[in-house]
Amino acid sequence: MQAQNESVRNQSMVQCFSDMYKKEGYRGLWRGVGPTAQRAAVIAGVELPVYDLSKKYILHYQFLGDHAGTHFLASFIAGLAGAVTSNPIDVVKTRLMNQRNLKTMSVETVSAHTHTPAIYTSSFDCLIRVSTL
């Protein structure tokens, strides 16, 4: 796997969870749940109406008849719309899940003079910081 290195290669899943809990605490285990739920809500909120509208459009203008090809094309368009709209959320989710929220580090201890990466405090904070890069 891409994320494996020598220190975690022979660890079991339980050992990895235990290591994460020791280094990051209880919140480290649940760090990606919020952004993942936000992403799922956006995808569901985009794909369902886009599928319905694109299918109606295809049938109304008689590009295709009502058969499997119509459903496939409408699904393809809806999937594309879902991927495009969820991309910013995927960036935020990946950044939040990859940061190490160490117990000893807080936002106040990160100064502008050090090269220690700042910890994002929320999905919105991460989105604002990423959009200003």
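For clarity, every value in this text was computed on a predicted model and none was experimentally measured.

We note that Gln62 has phi near 55 degrees; this positive angle belongs to a residue other than glycine. Assignment of secondary structure puts Gln62 in the loop between α3 (33-60) and α4 (68-98). With a relative accessible area of 67%, Gln62 lands in the exposed category.

This brings us to the pattern of salt bridges. Here the structure, examined in full by the defined rule, presents four salt bridges. Arg39 is paired through a salt bridge with Asp90; the nearest N and O atoms lie 2.3 Å apart. Here Arg39, found in helix α3, pairs with Asp90, found in helix α4; they are 51 residues apart in sequence, far enough to count as distant. Of the residues examined, Arg39 reaches a relative accessible area of 28% and is grouped as partly exposed. With a shortest N-O distance of 3.2 Å, Arg129 and Asp125 are connected by a salt bridge. Here the residue Arg129 and the residue Asp125 both occupy positions in helix α5 (residues 123-131), the gap between them amounting to four residues, near one helical turn. Residue classification places Arg129 among the partly exposed positions, given a relative accessible area of 29%.

Viewed as axis vectors pointing N to C, α3 and α4 meet at an angle of 160 degrees, and their least axial separation amounts to 7 Å. As the angle between them shows, α3 and α4 are arranged roughly antiparallel. Helix-helix and strand crossings are classified by hand; for α3 and α4 the assignment is right-handed. Taken together, the residues of the contact of α3 with α4 break down into 15 nonpolar, ten polar and five charged.

Close contact between α4 and α5 brings their axes to 9 Å; oriented N to C, the two are set at 110 degrees. One finds that α4 runs roughly perpendicular with respect to α5. Packed against α4, whose contacting residues are Val91, Val92, Arg95 and Leu96, the element α5 presents Ser123, Cys126, Leu127 and Val130 at the interface. For the contact of α4 with α5, a count of residues per class yields six nonpolar, one polar and one charged.

Criteria and cut-off values
Residues numbered from 1 in each chain as written. Predicted model: local features only at pLDDT ≥ 70, side-chain atom pairs only at ≥ 80, totals over all residues. Heavy atoms only, no water. Helix = DSSP H or I, 4+ residues; strand = E, 2+ residues; numbered from the N terminus. Buried < 20%, exposed > 50% of the residue type's maximum accessible area, 1.4 Å probe, protein only. Salt bridge = Lys/Arg side-chain N within 4 Å of Asp/Glu carboxyl O. Axes fitted to C-alpha atoms, helices over the stretch in contact; angles between N-to-C directions. Parallel < 35°, antiparallel > 145°, perpendicular 65-115°, else oblique. Left-handed = near helix turned anticlockwise from the far one by under 90°. Nonpolar A, V, L, I, M, F, W, Y, C, P; charged D, E, K, R; others polar. Contact = heavy atoms within 4.5 Å.

So, to be careful, I would describe these as geometric facts and stop short of saying anything about function.
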